[in-house]
Amino acid sequence: MAPNESEGGGKRVKAVMRSYRVIGVLREQGTVRINDVADALGVPTSTAHVHLKTLEAAGYVVKDEHGYRLGLRFLRDGSITRGRLDVYGASRSEIKDLAESTGEVANLGVEENGQRVIVYQAEGDKAVYDNAPIGEFTHMHWTALGKAILAELPGERVTEIVDEYGLPTKTDHTISDRDALLEELETIRERGYALEDEERRDGIRSIAVPLVSDGSVIGAVSLSGPKERFNDDRIVDELFPALRDRKNVIEVKYAYD
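The structure presented is a predicted model; accordingly, all values stated were derived computationally and were not measured.

1. Quick word on the overall build of the chain
Point 1. Of regular secondary structure, the chain possesses 9 helices and 8 strands.
Point 2. If you line up the chain on its principal axes, its C-alpha atoms span 60 × 45 × 45 Å.
Point 3. A burial count over the chain gives 44% of its 257 residues as buried.
Point 4. Counted over contacts in the chain with a minimum sequence separation of 6, partners at least 24 positions apart contribute 56%.

Encoded structure:
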């Protein structure tokens, strides 16, 4: 190894991480000026400018008369990445049918790096959007999708996730105690579905079932909507059976397509 290789490598990694932080500012704030990025990251304007111009040259940031914004290359890359997920291909039509038959929002979620990610979503004619866009990452214990997946993960993996991210609360209803979470995961395994009861957003409930192939969880499917429509009777009598039926079809498609 050359004397400066390790140091130089460290500097390059640090620069890449800072560029991703710049992307994060644009994602959160929309169109920004150089000073906005510098202030948000606590860096000189010259540093912010270099990162913005580099990202612009790569096509991932666009500059117009209002400032800098994220480019549509991210949409392309995201679409390609999602299309390569086998569970997405097996689930897409079933998610659409779920939304149409129930009138609610139907979602496909997976776990990545210990967080829940929304991969696909369809809205029925009565759907109430619950601020969970495609591509959203959240804590696993906040959502029905995440808890359904956690319930099927090995215990040591659940421990790793909780150790890394903790159990922060999103609302007054969010589980924040490790023992309470483990108890709920056992309940989910026994009854076959996870329930989100205003744990990520007030007034919203969600029910989810895990997707399993060869003994490993590959994702989860959920229905979500306003609490008044997602009462316990409807969950047990209509929504859970609908999800269970689609779960079976998706798992067969995943295994044999």
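2. As for the UniProt feature "domain: HTH iclR-type" (unreviewed entry) in the chain
Point 1. Mapped onto this structure's residue numbering, the UniProt feature "domain: HTH iclR-type" (unreviewed entry) falls at residues 13–72.
Point 2. With 63% helix and 13% strand, residues 13–72 has its two end C-alpha atoms placed 25 Å apart.

3. Considering the pattern of salt bridges
Point 1. In total, this model carries 22 salt bridges according to the counting rule given.
Point 2. Of the charged contacts, one joins Arg246 and Asp97 as a salt bridge, the two residues approaching to 3.6 Å between their closest N and O atoms. Taken together, the residues Arg246 in helix α9 (residues 232–256) and Asp97 in helix α5 (residues 86–102) connect sequence positions 149 residues apart.
Point 3. Judged by relative accessible area, which is 24%, Arg246 ranks as partly exposed.

4. Considerations on the environment of Val119
Point 1. The residue Val119 is located in strand β4 (residues 115–123) in this model.
Point 2. Note: C-alpha distance between Val119 and Ile134 (15 residues apart in sequence) is 5.6 Å.
Point 3. Setting aside residues no more than four positions away along its own chain, Val119 makes contact with Arg82, Leu85, Tyr88, Leu108, Gly109, Val110 and Ile134.

5. Describing helix α3 (residues 45–57)
Point 1. Counted at 1.5 Å a residue, the expected span for α3 with its 13 residues is 18 Å, and the 18 Å between its end C-alpha atoms agrees.
Point 2. Those residues of α3 that fall on the buried side of the exposure criterion are Thr47, Ala48, His51, Leu52 and Leu55. Burial along α3 is one-sided: seen end-on, the buried residues are contained in an arc of 130 degrees.
Point 3. Note on α3: the residue one or two positions beyond its end, Gly59, has a positive phi of about 90 degrees.

6. Things to note about the domain arrangement of the chain
Point 1. In terms of domains, the chain is made up of domain 1 (12–74) and domain 2 (84–254).
Point 2. One C-alpha centre belongs to domain 1, the other to domain 2, and the line joining them spans 33 Å.

7. Concerning the pairing of strand β8 (residues 216–226)
Point 1. Of all 11 residues in β8, 10 are buried, a share of seventy percent or more.
Point 2. As paired elements, strand β3 (residues 105–112) and β8 share 5 bridges and run antiparallel to each other. Residue Asn107 lies in a different strand from β8, and its bridge partner there is Ser222.
Point 3. As paired elements, strand β7 (residues 204–213) and β8 share 10 bridges and run antiparallel to each other. Each residue of the ladder has a partner; that of Ser213, found in β8, is Ser216.
Point 4. The hairpin formed by β7 and β8 contains 2 residues between the paired strands, and Asp214 there has a positive phi angle of roughly 50 degrees.

8. So, the nonpolar core
Point 1. The biggest cluster of nonpolar side chains holds 28 residues, and the ones touching the most others in it are Leu108, Ile207, Val221 and Leu223.
Point 2. Those elements that provide at least two residues to this core are α5, β3, β4, β7, β8 and α9.
Point 3. Contact partners of Val221, with chain neighbours within four places excluded, come to Ile95, Leu98, Asn107, Leu108, Leu145, Ile207, Ala208, Val209, Leu211, Leu243 and Ile250.
Point 4. Listed in part, the 21 residues of the second largest apolar core include Ala148, Leu167, Ile188 and Ala194.

Reading the values: the criteria
Residues numbered from 1 in each chain as written. Predicted model: local features only at pLDDT ≥ 70, side-chain atom pairs only at ≥ 80, totals over all residues. Heavy atoms only, no water. Helix = DSSP H or I, 4+ residues; strand = E, 2+ residues; numbered from the N terminus. Buried < 20%, exposed > 50% of the residue type's maximum accessible area, 1.4 Å probe, protein only. Contact = heavy atoms within 4.5 Å. UniProt positions renumbered as here; feature names shortened; annotations may be inferred. Salt bridge = Lys/Arg side-chain N within 4 Å of Asp/Glu carboxyl O. Expected span 1.5 Å × (residues − 1). Arc of directions from axis to C-beta. Domains from an automatic or database assignment. Pairing = 2+ DSSP bridges. Core = buried A, V, L, I, M, F, W, Y, C linked by side-chain atoms within 4.5 Å.

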